[in-house]
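Per-entry structural report
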Amino acid sequence: MAQRGEGIVVRDAHFPDRAPIDAYGNGGFRFADMSHRGSILCVPSGIYGFAAASAEDLTPEALDKVLSEQEDISVLLVGTGDDLKPLSAALRSAMRDAGISADPMSTGAAVRTYNVLLSEGRPVAAVFLAVD
């Protein structure tokens, strides 16, 4: 709780569970009766706000949370925005070394695929770049 004189305290966005994505667009996402403006990262430990805005921002370092939870992930869906963009060689290599299949696609296709795999109980993670 903010104390007097502190002003607004901004905390990192985090939903501590898995949830299907109900909607996307207008620069954000809706899930679990909440909304988030900007990109998101979905891993077994929850859904996190994600600073990446373009496919070029998707580096192994940016996706360290995926790598730290690799035992529970076999597929990483990468929603690269309105259009499919290739992943960097460094990111593909890092995911392959971790035993994770990284599949880039448009954000819309990635959201739909994520929801299906999540409903099937598959070991899936995703990063979704926000689209307008």
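Above this note sits the structure.
Below, the structure is looked at part by part. Here the structure is a predicted model, which means the values were calculated and not measured.

Within the protein, the regular secondary structure consists of 3 helices and 9 strands. Shown N-terminal to C-terminal, the secondary structure of the protein runs as helices and strands in the order β-β-β-β-β-β-α-β-α-β-α-β. A compact globule built from 132 residues should have a C-alpha radius of gyration of about 14 Å, and the protein, at 15 Å, falls within 12% of that. Based on the C-alpha atoms only, the size of the protein along its principal axes is roughly 50 × 30 × 25 Å. Considering the protein as a whole, with its 132 residues, one finds that 42% of them fall into the buried category. Contacts in the protein between residues at least 24 apart in sequence constitute 66% of all its contacts with a sequence separation of at least 6. Roughly 7300 Å² of accessible area belongs to the protein as shown, and the carbon and sulfur atoms make up 49% of that amount.

Given a rise of 1.5 Å per residue, 13 residues ought to cover 18 Å, and the 18 Å separating the end C-alpha atoms of helix α3 (residues 107-119) matches this to within 8%. Residues of α3 that are buried include every one of Thr107, Gly108, Ala110, Val111, Tyr114, Leu117 and Leu118, and no others. In this fold, the buried residues of α3 make contact with β2 (21-25), β3 (28-31), β5 (39-43), β7 (75-79), β8 (101-105) and β9 (124-128). After α3 finishes, the residue Gly121 shows a positive phi value of roughly 75 degrees.

Conventions and cut-offs
Residues numbered from 1 in each chain as written. Predicted model: local features only at pLDDT ≥ 70, side-chain atom pairs only at ≥ 80, totals over all residues. Heavy atoms only, no water. Helix = DSSP H or I, 4+ residues; strand = E, 2+ residues; numbered from the N terminus. Rg over C-alpha atoms; globule rule 2.2 N^0.38 Å. Buried < 20%, exposed > 50% of the residue type's maximum accessible area, 1.4 Å probe, protein only. Contact = heavy atoms within 4.5 Å. Areas by Shrake-Rupley, 256 points an atom, 1.4 Å probe, with all protein chains shown as cover. Expected span 1.5 Å × (residues − 1).

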